Amino acid sequence: MPAIVNKFYGGMDGKIGQIMDLFITAFDIVVDEKAVAKVFKGDNLFVLNGVSQKEVKYIDYEYDEDYNYKEIEKTKMEKIPDYLWMFSSDDTRVFEKILAILITENRVVDHDGIYEAVTNEIDQIAPYILIDKGIVFLSNNMEQLKQIKSNSYTPTASKYSSILKKNKFSLVLNTKKIPSLIDELDLPVHRSMDAEIKNLSQYGDFYMISNGMKGDRFLLGSRR
C-alpha cells in the first residue's frame, strides 16, 4: 500500500506532499509490529526538577471614560514547574515529518533544531522539543535542551540515578519537598488536607519500583 500511494501521490509539492509523505511513513510503520517497537521502544523518563520563574505574557484591559476597553499585552514573572520528559526511538521519521508540517502551519518554530510549540493557551508549560541521538526530549526549559544538544549538560549524580538504572519501572517522590513545592506553585489545598501535607516534610523519600514481568504478573514493591 505505501508503494502504491507513493507512486500516485509521492513527490507532490507543498503541504499536501508533506501530509502524503507522513501518511506513507506512518502507514508503513503501523502495519509492522517490529517497526512500531522501533518508534516507541517503551522506555520513558519524566523528571519534575522543581520550580523556576519565567516571564509570561497575558492580556489586560484598559478602559476609557466611556468604558470602552482595549486589550493590552503585558508580561509578568510567574513560578512554573520545570519538567523534562524523554524517551528513545530508533526511528524518528514520524516525529520529524509531523514537526515539518507544523512549521509550515506556523504552529511550531525551529530554533536551530529545538522546536517551540506555539500556543495561545498556558504557553508557560508548553514544551520545547528536541530530537537528538535517537532520543526525543520534551521540556519547558529551553536552556537545558540547548545544553543537552551541545553536550554541555552535566546532570547532578544522585542516589536516584542508581534506582532508575537497577529497575525497569521506578517512581521516586522526594516527599519532604512536596509541601514547599505546593506553596511555591500556589496550589489550592483543602483545609482537611492541610495538616497531612505539612506532615510530609517529616518523611524521607518514597519509592515504587519493579523489575518487570514475572510470567503473567507485574510485581510492584514500595518503601520509604
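Here is a short report on the structure shown in this document.

Each value, and the rule that gives it
- Residues numbered from 1 in each chain as written.
- Predicted model: local features only at pLDDT ≥ 70, side-chain atom pairs only at ≥ 80, totals over all residues.
- Heavy atoms only, no water.
- Helix = DSSP H or I, 4+ residues; strand = E, 2+ residues; numbered from the N terminus.
- Buried < 20%, exposed > 50% of the residue type's maximum accessible area, 1.4 Å probe, protein only.
- Polar contact = N/O pair within 3.5 Å; in protein donor to acceptor, adjacent residues only side chain to side chain.
- Contact = heavy atoms within 4.5 Å.
- Patch = residues over 30% accessible without salt bridge, like charges linked within 9 Å, V, L, I, M, F, W, Y side chains within 5 Å.
- Areas by Shrake-Rupley, 256 points an atom, 1.4 Å probe, with all protein chains shown as cover.
- Salt bridge = Lys/Arg side-chain N within 4 Å of Asp/Glu carboxyl O.
- Core = buried A, V, L, I, M, F, W, Y, C linked by side-chain atoms within 4.5 Å.
- Pairing = 2+ DSSP bridges.
- Axes fitted to C-alpha atoms, helices over the stretch in contact; angles between N-to-C directions.
- 1 Å grid on protein atoms, 1.4 Å probe; cavity = no way out; pocket = protein on both sides within 12 Å on 5 of 7 lines; lining within 4 Å.
- Points joined across faces, edges and corners; volume = space filled by probe spheres on them.
- Nonpolar A, V, L, I, M, F, W, Y, C, P; charged D, E, K, R; others polar.

### A word on the side chain of Asn167
So, point 1. Examined against the element boundaries, Asn167 turns out to sit in the loop between helix H6 (159–166) and strand E7 (169–173).
So, point 2. Under the relative-accessibility criterion, Asn167 is labelled buried at 17%.
So, point 3. Polar side-chain contacts of Asn167 include one of 2.8 Å to the backbone oxygen of Ile163.
So, point 4. Apart from the residues lying within four places of it in its own chain, the contact partners of Asn167 are Ile209, Ser210 and Asn211.

### Remarks on a nonpolar patch on the surface
So, point 1. A surface patch of nonpolar side chains, amounting to about 550 Å² of accessible area, comprises Phe169, Leu171, Leu173, Met213, Phe218 and Leu220.
So, point 2. When residues of the nonpolar patch are assigned to their parent elements, the largest contribution, three residues, is made by E7.
So, point 3. Considering the arrangement of structural elements, one finds Phe169 in strand E7.
So, point 4. With relative accessibility at 33%, the residue Phe169 sits in the partly exposed group.

### Quick look at the nonpolar core
So, point 1. Counting nine residues, the largest nonpolar core is built from Val39, Phe87, Phe95, Leu99, Val108, Tyr115, Ile129, Val136 and Leu138.
So, point 2. Within the residue set of this core, elements represented by two or more residues are helix H4 (93–104) and strand E6 (135–139).
So, point 3. Contacts of Val136, omitting those with residues within four sequence positions, involve Trp85, Met86, Phe87, Phe95, Leu130 and Ile131.
So, point 4. Counting eight residues, the second-largest nonpolar core is a separate cluster that includes Ile114, Tyr128, Leu130 and Ile148.

### Considering the pattern of salt bridges
So, point 1. Enumeration over the complete set of coordinates arrives at five salt bridges.
So, point 2. Here Asp60 ties to Lys74 by a salt bridge, and the two come within 3.1 Å at their closest N and O atoms. Of this pair, Asp60 sits in strand E1 (residues 44–63) while Lys74 sits in strand E2 (residues 69–88); the two residues are 14 residues apart in sequence, bridging distant segments of the chain.
So, point 3. When its relative accessible area of 27% is taken as the criterion, Asp60 is described as partly exposed.
So, point 4. Put simply, Lys198 and Asp194 hold a salt bridge, and the shortest N to O gap is 3.4 Å. With Lys198 and Asp194 both in helix H8 (residues 191–199) and four residues apart, the pair spans about one turn of that helix.
So, point 5. Judged by relative accessible area, Lys198 falls into the exposed class, the value being 53%.

### Here's the deal with the environment of Lys168
So, point 1. Take Lys168: it is sitting in the loop between H6 and E7.
So, point 2. In sequence terms Lys168 and Asn211 are 43 residues apart; their C-alpha atoms lie 5.1 Å from each other.
So, point 3. If near-sequence neighbours (up to four positions away) are discounted, Lys168 is found in contact with Ser210, Asn211 and Gly212.

### Some words on the sheet that holds strand E3 (residues 108–111)
So, point 1. With respect to topology, six strands assemble into an open sheet ordered E1-E2-E6-E5-E4-E3, the strand pairing being antiparallel. This sheet does not close on itself; its edge strands, each paired only once, are E1 and E3. Averaged over all pairs of adjacent strands, the angle between strand axes in this sheet comes to 20 degrees, irrespective of strand direction.
So, point 2. Sheet contacts for helix H5 (residues 142–149): E1, E2, E3, strand E4 (114–117), strand E5 (128–132) and E6; angle to E5, the most-contacted strand, approximately 10 degrees.

### Some details on the layout of surface pockets
So, point 1. In this model, the largest pocket occupies a volume close to 1900 Å³.
So, point 2. Forming the walls of the largest pocket are 45 residues, and the residues nearest its centre are Leu45, Phe46, Val47, Leu48 and Leu164.
So, point 3. Taken together, the elements giving at least two residues each to the lining of the largest pocket come down to E1, E2, E6, H5, H6, E7 and helix H7 (178–185).
So, point 4. In terms of residues, the lining of the largest pocket owes the most to one element, E1, which gives eight residues.
So, point 5. Here the residues of the lining of the largest pocket sort into 21 nonpolar, 16 polar and eight charged.

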